[in-house]
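These are the residues of each chain, in order.
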Amino acid sequence: LRDTDFATQKLVFGKAAPVALAPEEHNLFTAALMSESGELNYFWRIGSHIGELQDEARGSVAALEAEADPFDSVFGVRVGLEARCDVFLKIQATHSEDEYLIPYTDRQAGRYGACPLADATTVHALALRALAVFRAGLSDRATQYCVRVIPPTQLDQPTGLVIGIRLDPSHATRVLDRGPEADSPQTAEFRRLWGDRAVLRRFKDASILECVVWAEPKYKKIWEDPELPYVPHQMLLHLMELHFKELVDTPGLDGGENVNVLHTPLGINGPLCDAHTALWQQFAEMKEQLEALETLPIAVKEARPSSSGFSYSDLSPEVWIQPPSRANDPPRTLHDAVLEFESSSAWPRAPAAVLRLQTAFLLKIQAELRSQHAVESLITPEYLDVLYPRFVFRLRIFTLGELYEMSTWATVDATLKTRPTWEQTEKIRRVWWGPHARSLLRAVSLIHICSGPTMRLVKKWLASQLVAGYDDLAELLVVQVFTTPGPYAHPPGSPHAAMLRVLALLASFDWAGAPMFVDLDDTFSPDHRHELQLAFERAKGMQGPMPSMWVATKLDPHMLFLRVPPAGLVHRVVALARGALDIATKATLALGDTRLQFRSVFEPDLSTFDAVIHIARAGGRDGAGVVYPQTPEELERMERAAHVETFVTKLREHLDQACHFFPAPQVGRVCVQFKSQAFLPAGQKGMLSSLPRVMVADGETPVTCPNVLWIISLIRRLGKDLVTRVELQ
C-alpha cells in the first residue's frame, strides 16, 4: 500500500510485486487489488479514499520501524477527521437519496470537469473531481486529503460531502503563487485553473510569470474573520465558484450556503507576533550590555529568559506594577530572566551570605548599566528590574553553590526517600528549571511554527473551563503532540488540529497508572525512556503523595518542578476534554456553517457552580497573539487583573471551610462551589462557628445554616474595585 503507484500499477494476489495496468484498465478504478484470475477488484469501491489509505500505511510503517511499542499508533487509537485535518470543505452534494448510489453519467468536457472513473456514483464523482482541482490549486500547501460521505438519514435531507485537508504550515499562508512563464505551453492550463485570478507579474530577475495573488488576512483574532478569510479559505472558495458554480449557486436546504469552508475553526496560525519579535530584540540588546560590563569581578556567562513570552506562548503578559515615583511612565510588561556567572570557588554556601553577595552584584550591575548605557533600573535584595521603553526584565542571579544539594534532584539516578515540597523546590524551579525549559520550548516553537499558537489556545481553553495555574503543564502537553504524533503519523498542521490532539491526549491517557515522557530536545533514546521509567517506579516508594499526572522530562525526571492539578480536578479536566472532542466531532461532520458549534468548546458549563464572581479581565482584546497594554485604560485593566491571585488567596483564607474557588482571570471569572458538608443543617451550637450562620425554624427544633448573604458581601469587600458583580446560580 505504501509504495504502489496505483495510477499506473495494480496489485494481484499471488504476485509479490505490483503489475503495470493495461491500457483499458486506467479509467476503471482509482486503485486495483485484483483476484488471481483478474475478474474481481477488491478495491472496486475504494474510490477517493486511496490517498488517505496510502498515507495511513506510510504512517503505520514508520511507527513500526521507529517506536519501541507501536501498538497504539498502529491499532490502539481511533483517529478522527477533526484532529487530523486543518480545513474542511462541506458540500451538500445532492438533494436526492437516489443520487447517492446511481452511476455518474454527466461526462463534462475539460480536464477538471470530467470524472475519471467509469462507474463512480454521483457523490464519489464529485469528490474525485474536487480532489483533482484542489490538488492542482493548493499544490504544496496541502499534504493530505480525506473524504467523508455523509449519507442522508431522511428522504428530505441532502447527501453530504466533507473533504478534510491537512495543511503544510510552512506554505499555507503564502499570498503569492508563481506559475509558468508568459510564453510557456503550461500558461493556458494555469489560466484555465485560476480563471481571472491569474495575472502577469514582472520580478527583479526580469522574469515575467503567471501569478495568483491573495489578500493578506489580519491575524488579530483567534477566530477567523469571515470578511477576510485566510489564504487556503480564499483559494477553496475561488476554485469552487470557478469549477463547481452550479453547487455554489444552489442554496442549501436550510436556506444557508450549499458550500461551506471551515478553516482551522478552533484557532489560526498567523505570523510571529510583533510584540514577541520586539521582546527578543530588546532582550538581545540587554544581554549584549550585560556581557560587555568589564568592571564586574566575575564575567557574565549566560543570561537566560524564563517567561513564557520568550517561547511565543504567553496568553497575557504580566504587567509591571509601577511604583508611585514612576506613575507617569509608559505601560510596560514584566519578563523574568536569570543571570549565570562564570564558575568560582569563592561563592559562599550559606544562604544568607549568598543573598548578600547576589545583592552586591545587582547593585554593581545597576550602577554600570546607568553609567555606561543610560539604562534605569530598580533594585530589591532578590532581583533587579531593568527598565526599557516597552519591557521590564526582572534579573535574578543563579549560582550553583547555593543549589548544590538541590541540583541532584534533577538527575535521573537520584534516590530520594521523601518528596520535596513545592516550597522547597521554588528556588531551583525559578532560577534553573524554568530558564532551561524555556529555551527548549522556544526551540520547539521555532521548529513547529504552530506550537506557540497552540500553547496559547490550550491555555485559553483551560482558563475558560476554570482550570487556571497550569500553564507549564499545557505547554508540555502541546510539545508531546508535536514531537510524538503517534497514531496521527504527522505533526499537526494548525493550532486547530493540535488543540484537538491535546484534548484527545487528555481524554485517552491513563493518568492514574502510566507515566508520560516528553522529549523537549528530540534526543530521547530507548535508554533515556528506560531511565525515566525507573525513576517513576522509584517514586512510588517515596514518602509523600504521588503527583496525579506524571509528565516527566530529562530536566525533571522525578516530577518535582511541574505543577499538576489534584486528582479530583484531573477527572474534571478529562471529562471536559471528552465533551469538547464530542462537540468538535459533530461540528466537523455536520453540514452547513458550524463555526459557532466549535466556539462552544470554550464555553464553560457554569451550572455546576453555586456562584460566579465577575472580575476585570486580563486584557482587552481577543487576540491570537499576546495582548500588550497600549493605553492607560488597558494598563489599568491588566494591573487590576494582576491582583486576582491575591484576591483568591484572601478568599481561601476567610472562606476555606465553606467554599471551593476556581479562578479564571483570562475570562474574567472566579467560580464558587459551596462545600456540601459546610451547608448541612446544624443545631444551635453551629452558631458558635467562625462562619456566620442564620437560624431557620424547622418544626420544634430550630436549625442553622451558613449565611449566604454574608458570604456574598465578604466577597465584595475583599474584591473592592476588582469585582464587578457576584451572581448566584
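*Asks:* How would you explain the packing of aromatic side chains if you had to name every residue and give the values?
*Replies:* For the structure on display, the rule yields 17 aromatic pairs. When the centroid spacing of 6.4 Å and the interplanar angle of 35° are considered together, the rings of Phe391 and Phe393 count as tilted. Consider the rings of Phe609 and Phe662, whose centres lie 5.3 Å apart with planes at 65°: the pair is edge-to-face. With Phe609 in the loop between helix H16 (595–599) and strand E19 (611–615) and Phe662 in strand E20 (residues 659–664), the pair connects residues that are 53 residues apart, well separated along the chain. For the pair shown, Phe609 and Phe662 are each scored as buried. Joined through ring pairs, the aromatic side chains of Trp280, Phe283, Phe310, Tyr388, Phe391 and Phe393 make up one cluster. The ring centre of Trp422 lies 3.7 Å from the NZ or CZ of Arg429, which sits over that ring.

*Asks:* How would you summarise the layout of surface pockets if you had to cite specific residues and measurements?
*Replies:* By volume, the second largest pocket is sized at about 1,600 Å³. Along the walls of the second largest pocket sit 45 residues, with Glu67, Ser73, Gln480, Thr484 and Gly486 positioned nearest its centre. Put simply, the parts of the chain that give the lining of the second largest pocket at least two residues each are helix H1 (50–66), helix H2 (71–76), helix H12 (471–483), helix H13 (495–508), strand E17 (516–517), helix H14 (526–539) and helix H15 (567–589). If you tally residues by element for the lining of the second largest pocket, the top one is H13, at five residues. Here the lining of the second largest pocket is built from residues that sort into 23 nonpolar, twelve polar and ten charged.

*Asks:* Got a sec to walk through the sheet that holds strand E24 (residues 723–728)? Specific residues and values, please.
*Replies:* Strand order in the open sheet formed by four strands is E20-E21-E19-E24, with antiparallel pairing between adjacent strands. Edge positions in the open sheet fall to E20 and E24, since each of these has one partner strand only. Going across the sheet, the axis of each strand differs from the next one's by a mean of 15°, ignoring polarity. Helix-sheet contacts for helix H18 (residues 644–655) involve E19, E20, strand E21 (669–674) and E24, and the interaxial angle to E20 is about 175°. Sheet contacts for helix H19 (residues 708–719): E19, E20, E21 and E24; angle to E24, the most-contacted strand, approximately 160°.

*Asks:* Go over the packing of helix H4 (residues 187–194) against helix H5 (residues 231–243) with me, naming the residues and quoting the values.
*Replies:* Two elements in contact, H4 and H5, have axes separated by 8 Å at closest approach and are oriented at 95°. Judged by the angle between their axes, H4 and H5 are roughly perpendicular. Side by side, H4 and H5 meet where Arg192, Leu193 and Trp194 of the first sit next to Met235, His238, Leu239, Leu242 and His243 of the second. Residue classes in the contact of H4 with H5 are distributed as five nonpolar, two polar and one charged.

*Asks:* Give a description of the nonpolar core that names residues and reports values.
*Replies:* Nonpolar side chains in soluble globular proteins tend to be buried together. If you look at the biggest cluster of nonpolar residues, it comprises 88 residues, and the most contacted ones within it are Trp461, Leu506 and Trp511. Contact partners of Trp511, with chain neighbours within four places excluded, come to Leu477, Leu505, Leu506, Met516, Ser548, Met549, Val551, Val570 and Val574. Core analysis: the second largest hydrophobic core is formed by 35 residues, Val123, Tyr145, Leu239 and Met240 among them.

*Asks:* Describe in detail the sheet that holds strand E8 (residues 198–202), supporting the description with residues and values.
*Replies:* The strand order across the open sheet formed by three strands is E7-E9-E8, and the pairing between neighbours is antiparallel. Both outer strands of the open sheet, strand E7 (176–181) and E8, are each paired with one neighbouring strand and no more. Here the average twist between neighbouring strands, direction ignored, is 40°. The pairing of E7 with strand E9 (residues 208–213) spans four bridges and is antiparallel.

*Asks:* Please set out the environment of Leu242 residue by residue, giving values where relevant.
*Replies:* Here Leu242 lies in helix H5. Judged by relative accessible area, which is 36%, Leu242 ranks as partly exposed. Expressed as a C-alpha distance, the spacing of Leu242 and Asp196, which sit 46 residues apart in the sequence, is 9.5 Å. Setting aside its immediate chain neighbours within four residues, Leu242 contacts Arg192, Leu193, Trp194 and Gly195.

*Asks:* Can you break down the pairing of strand E16 (residues 391–398) residue by residue, with the values?
*Replies:* When you tally the buried positions in E16, you get eight out of eight residues, the bulk of the element. Burial along E16 is two-sided: Phe391, Phe393, Leu395 and Ile397 facing one way and Val392, Arg394, Arg396 and Phe398 facing the other are all buried. Pairing geometry for strand E13 (residues 333–341) and E16, over eight bridges, is parallel. Considered in E16, the bridge of Ala337 is made with Leu395. Relative to E16, strand E15 (residues 384–387) is paired through four bridges, and the arrangement is antiparallel. Counted as the bridge partner of Val386 is Phe393 from E16.

*Asks:* Give a description of the confidence of the model for the protein chain that names residues and reports values.
*Replies:* When pLDDT is averaged along the protein chain, the result is 84; 88% of the residues meet or exceed 70. The secondary-structure element of the protein chain with the lowest mean pLDDT is helix H17 (residues 632–642), recorded at 57, while H12 shows the highest, at 95. Note that pLDDT drops below 50 for residues 104–113; the model gives that stretch 22 contacts with residues more than four away or on any other chain.

What counts, and where the lines are drawn
Residues numbered from 1 in each chain as written. Predicted model: local features only at pLDDT ≥ 70, side-chain atom pairs only at ≥ 80, totals over all residues. Heavy atoms only, no water. Phe/Tyr/Trp six-rings, centres within 6.5 Å; stacked < 30°, edge-to-face > 60°. Helix = DSSP H or I, 4+ residues; strand = E, 2+ residues; numbered from the N terminus. Buried < 20%, exposed > 50% of the residue type's maximum accessible area, 1.4 Å probe, protein only. Lys NZ or Arg CZ within 6 Å of the ring centre and 35° of its normal. 1 Å grid on protein atoms, 1.4 Å probe; cavity = no way out; pocket = protein on both sides within 12 Å on 5 of 7 lines; lining within 4 Å. Points joined across faces, edges and corners; volume = space filled by probe spheres on them. Nonpolar A, V, L, I, M, F, W, Y, C, P; charged D, E, K, R; others polar. Pairing = 2+ DSSP bridges. Axes fitted to C-alpha atoms, helices over the stretch in contact; angles between N-to-C directions. Contact = heavy atoms within 4.5 Å. Parallel < 35°, antiparallel > 145°, perpendicular 65-115°, else oblique. Core = buried A, V, L, I, M, F, W, Y, C linked by side-chain atoms within 4.5 Å. pLDDT = per-residue confidence, 0-100.

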